[in-house]
Amino acid sequence: MPAAHNYWPLVLQDLKESLTAINFQTWISKIQFNGVVGSKGVNQVVSLSVPSVFCRNYIQKKFYNQLQTSLRKYYPNVTEISISVDESLEPVVVGAEESIQQSLIQEVSASDEVTDNKSSISLMKILSDPASKYQGVETKLVHSLNSKYTFDNFVICGSNQLAAMAANTVAKHPGMEYNPLFIYGGVGLGKTHLMQAVGHKILENNPNFKIKYISAETFINEFLFAMQKNKMADFKAFYRSLDVLLVDDVQFLAGKEATQEEFFHTFNELHQQNKQIILTSDRAPKDIPAVEARLVSRFGWGMVVDISEPDFESRVAILQHKARRRGINLKSDVVEFVAEKVVSNVRDLEGVLNKILMHSTSLGVDQSISFDIVQKCIGEDFLKQNEKNYFKSKKTIVSPQTIIEVVAEYYSLQVSDITGVSRSKEIMKGRQVCMWLMKNELKLSLPAIGRIFGGKDHTTVLHGCRKIDELISNDPSFGGEIESIQAVLKN
Ligand code: ADP
Ligand code: MG
């Protein structure tokens, strides 16, 4: 596919403004942009992929005109939109949210020609069979799972490996292996995502299961509401009739004695019938304050697993995965730069990535995003104090390419000498100066620098940087050379 500018994020933005939030979220946001085929200036074809035949037909029927209008704003020579089906894409999950569910049912009811395929069976059943309609709607409405949170979307890495393995086991054998599954860890580390991924998987394997995802806070509110309205019998009956119960952030049960009492009985009832329970919390069961001991001990009956902060490699993997899913090919030095700066949690990584995508007007495969934009997106919150001062004191932030060009010019070398493999003394020195500058000026990681130089090992980069450090401290005139290069870079 030719690497034309990727204006898809802008097309999406345009569509977002012209469609309802529900339609955009359900149908359009799932589209994968593959690129533009055809020579510049004439009859170009935009290639898109969607997860199912049903989805393609629906988009063609309902949104083709808007798609065409928005695409033409950025790709004026497009005459055709080709939509293919790629079943590996994130499916359009009907009923992810209650409001979406309602809207879909109304919308698809109004549409008479949509054809079915595997991923839309539940929706078609709702439409065609009044008996299954109620059952289908009820099951779907009960679960309140977010369609974003599936196993497909979950990057397994060192910090969540154990939790992901346990979740996978539970998804395959609900109620049989680890019951309850208790997942704990800090905020933004993927507890809710993993828990809901299990819910989706179980539902996929057991479409008639009654699954409920609820945050502990909402559970408390529902309980209080049921008490006020004299609906306790319904409340109890509902929760005790579930096949799978997912309760998020159970630390909020702390101090809520009446709710704990009710939850205790629900727990026992479900557990006794081998119905799967999954719980999450921001801390281990024993560390949750003001929760009855008998409940705490039950939390530990099955499997307790924690998710910790992702390490550097995990952060890189998560960023790459998320960028790829949005059709953006971020250069590895950008990814590593972000992964080095944003160390807190996955939610923050996602936030920065979203900002990068929004700030970049043209993110083609061959386009590099300037470090300037990346730094703006990371923002000061994520920078350590010394880095804040460092960035403040710099007028412009250079890229690795600029460093290579400036160093090549300074030492009268060719850029290709520096990026090549020659081991001549002068060229090696120029190359090591570049490495040293990338490490100290751009704060790139050693592996990232190694990659810029054709896949050199990080130990080679480290050796080069140490060599330059030695030269700077032993040879004042060499220190002067570095300062001159730095001055050029800063201007
Ligand atoms: P928590 O419940 O632990 O506070 P969430 O499950 O809400 O965290 O995750 C925060 C965000 O980070 C979500 O958008 C989620 O999809 C994403 N996320 C977390 N961990 C991962 C992961 N391992 N792979 C992909 N996305 C993740
Ligand atoms: Mg959560």
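Note that the structure is predicted; figures quoted are calculated from it, not measured. (Residues numbered from 1 in each chain as written. Chains lettered and ligands numbered in written order. Predicted model: local features only at pLDDT ≥ 70, side-chain atom pairs only at ≥ 80, totals over all residues. Heavy atoms only, no water.)

S.K.: For the nonpolar core, give the residues involved together with the corresponding values.
M.R.: Within the largest apolar cluster, 54 residues are counted, with the highest numbers of intra-cluster contacts made by Val338, Ile403, Val407, Val433 and Met438. No other element matches the seven residues that helix H20 (residues 425-440) contributes to this core. When residues no more than four places from it in sequence are discounted, the contact partners of Met438 are Pro400, Ile403, Ile404, Lys443, Leu444, Ile449, Ile452 and Phe453. Membership of the second largest hydrophobic core comes to 26 residues, among which are Ile220, Ile277, Val296 and Phe299. (Core = buried A, V, L, I, M, F, W, Y, C linked by side-chain atoms within 4.5 Å. Buried < 20%, exposed > 50% of the residue type's maximum accessible area, 1.4 Å probe, protein only. Helix = DSSP H or I, 4+ residues; strand = E, 2+ residues; numbered from the N terminus. Contact = heavy atoms within 4.5 Å.)

S.K.: Provide a residue-level description of the sheet that holds strand S3 (residues 78-85), including the pertinent values.
M.R.: The strand order across the open sheet built from three strands is S1-S2-S3, with neighbouring strands paired in mixed fashion. Each having just a single partner strand, strand S1 (32-37) and S3 make up the two edges of the open sheet. Taken pair by pair, the neighbouring strands of this sheet meet at an average axis angle of 20°, ignoring direction. Here five bridges tie S1 to strand S2 (residues 44-50), and the two strands are oriented antiparallel to one another. The partner of Val37 across the bridge, within S2, is Val45. (Pairing = 2+ DSSP bridges. Axes fitted to C-alpha atoms, helices over the stretch in contact; angles between N-to-C directions.)

S.K.: Quick rundown of the sheet that holds strand S5 (residues 211-215)? Include the residues and the values.
M.R.: If you walk across this open sheet you meet the five strands as S5-S6-S7-S4-S8, and the pairing is parallel. Two strands close off the open sheet at either side, each with one partner strand: S5 and strand S8 (303-307). The average angle at which neighbouring strand axes cross in this sheet is 15°, direction not considered. One ladder, built from five bridges, connects strand S4 (residues 181-185) with S8; its direction is parallel. In the strand pairing of S8, Ile183 is matched with Val305. Sheet strands in contact with helix H7 (residues 161-172) are S4, strand S7 (276-281) and S8, and its direction is about 135° off that of S8. Relative to S7, helix H11 (residues 257-272) is tilted by about 140°, and along the sheet it contacts strand S6 (244-248) and S7.

S.K.: Lay out the layout of surface pockets in plain terms, naming residues and giving numbers.
M.R.: For the largest pocket, the calculated volume is near 1700 Å³. Lining the largest pocket are 48 residues, and of these Lys148, Lys322, Arg326, Glu350 and Asn354 sit closest to its centre. Elements with a minimum of two residues in the lining of the largest pocket: helix H1 (8-18), helix H2 (21-28), S1, helix H8 (191-205), helix H13 (312-325) and helix H15 (346-359). (1 Å grid on protein atoms, 1.4 Å probe; cavity = no way out; pocket = protein on both sides within 12 Å on 5 of 7 lines; lining within 4 Å. Points joined across faces, edges and corners; volume = space filled by probe spheres on them.)

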